[in-house]
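Coordinate inspection notes
What follows is the residue order along each chain.
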Amino acid sequence: MAIAESLRGMRRNEGGPFGCVIVRQGQLISKGHNRVIATNDPTAHAEVVALRRASRRLQRFDLSDCVLYTSCEPCPMCLSAIYWARICTVYYANTKQDAKRIGFADQFIYDELELSAERRRMKMVPFLREEARFAFLEWNRKNDRVRY
């Protein structure tokens, strides 16, 4: 299904050849394909689209009882989102090396994450930390906060 979804989105020129489905207890919860081009949203990768739909359908952000099937090994952004959703298992078809061969190279992001902020390609500038700490302090004291 994830592979078919990748072909569907690609053939509609909605984005690259990536598809994803999320299953819970053997039941299809959501599916998605890459929609970066269709939406002009750089985060509209297949896994993120499917995660958003699954969370909306189940009305929760914790998807720890779900399994994710994807047509390609997740990129760093998608992998992070999958971890945040607490998905228990990921099955993938193509590898990140396969994706690199067709022009989708994500290794530089993995490499950047290993560097300190001041050594990254993108300029990273600390800004208003003392002013921003107030929100963190308030959150920490908040009795009705929902942990995630």
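Use the structure listed above.
Read on for an overview of the structure. (Residues numbered from 1 in each chain as written. Predicted model: local features only at pLDDT ≥ 70, side-chain atom pairs only at ≥ 80, totals over all residues. Heavy atoms only, no water.)

All right, on to the pattern of salt bridges then. Summed over all chains, the structure comprises 10 salt bridges. The shortest N-O distance in the salt bridge between D65 and R24 comes to 2.6 Å. Here D65 is found in the loop between α3 (46-58) and β3 (66-72), whereas its partner R24 is found in strand β1 (residues 19-24), with 41 residues between them in sequence. Judged by relative accessible area, D65 falls into the partly exposed class, the value being 29%. A relative accessible area of 24% means that R24 is categorised as partly exposed. Within this structure, R24, R60 and D65 form a network of salt bridges that share partners. (Salt bridge = Lys/Arg side-chain N within 4 Å of Asp/Glu carboxyl O. Helix = DSSP H or I, 4+ residues; strand = E, 2+ residues; numbered from the N terminus. Buried < 20%, exposed > 50% of the residue type's maximum accessible area, 1.4 Å probe, protein only.)

Before going further, it helps to spend a moment on a nonpolar patch on the surface. A cluster of nonpolar side chains, contributed by F61, W139, V146 and Y148, occupies part of the molecular surface with about 460 Å² of accessible area. Mapped onto the elements of the fold, F61 is located in the loop between α3 and β3. (Patch = residues over 30% accessible without salt bridge, like charges linked within 9 Å, V, L, I, M, F, W, Y side chains within 5 Å. Areas by Shrake-Rupley, 256 points an atom, 1.4 Å probe, with all protein chains shown as cover.)

Attention now goes to the side chain of R145. You can see R145 is positioned in the segment after α7 (129-141). Among the polar contacts listed, one links the side chain of R145 to the backbone oxygen of W139, at a separation of 3.0 Å. A distance of 3.2 Å separates a polar atom in the side chain of R145 from the backbone oxygen of K142. Those residues in contact with R145 that lie beyond four places of it in its chain are W139 and N140. (Polar contact = N/O pair within 3.5 Å; in protein donor to acceptor, adjacent residues only side chain to side chain. Contact = heavy atoms within 4.5 Å.)

All right, on to α3 then. When the terminal C-alpha atoms of α3 are compared, their 18 Å separation across 13 residues agrees well with the 18 Å that a helix rising 1.5 Å per residue should span. Among the residues making up α3, those that are buried are A46, E47, V48, V49, A50, L51, A54 and L58. On the buried face of α3, the contacting elements are β1, β2 (27-33), β3 and α4 (76-85). Just downstream of α3, Q59 is the residue with a positive phi angle, here 55°. (Expected span 1.5 Å × (residues − 1).)

Another aspect to go through is the pairing of strand β4 (residues 89-94). In terms of strand pairing, β3 meets β4 through five bridges, oriented parallel. Along β4, the bridge assignment pairs Y69 with Y91. Taken together, β3, α4 and β4 constitute a β-α-β crossover, and its handedness is right-handed. (Pairing = 2+ DSSP bridges. Right-handed = clockwise from strand over helix to strand, strands pointing away.)

Let us now look at the packing of α3 against α4. Packing of α3 against α4 brings their axes to within 8 Å, and their N-to-C directions diverge by 25°. It follows from the interaxial angle that α3 and α4 lie roughly parallel. Where α3 crosses over α4, the two elements pack in a sense that is left-handed. Taken together, the residues of α4 that come into contact with α3 (itself represented by E47, V48 and L51) are M77, C78, A81, I82 and A85. Classifying every residue of the contact of α3 with α4 by side-chain character gives seven nonpolar, no polar and one charged. (Axes fitted to C-alpha atoms, helices over the stretch in contact; angles between N-to-C directions. Parallel < 35°, antiparallel > 145°, perpendicular 65-115°, else oblique. Left-handed = near helix turned anticlockwise from the far one by under 90°. Nonpolar A, V, L, I, M, F, W, Y, C, P; charged D, E, K, R; others polar.)

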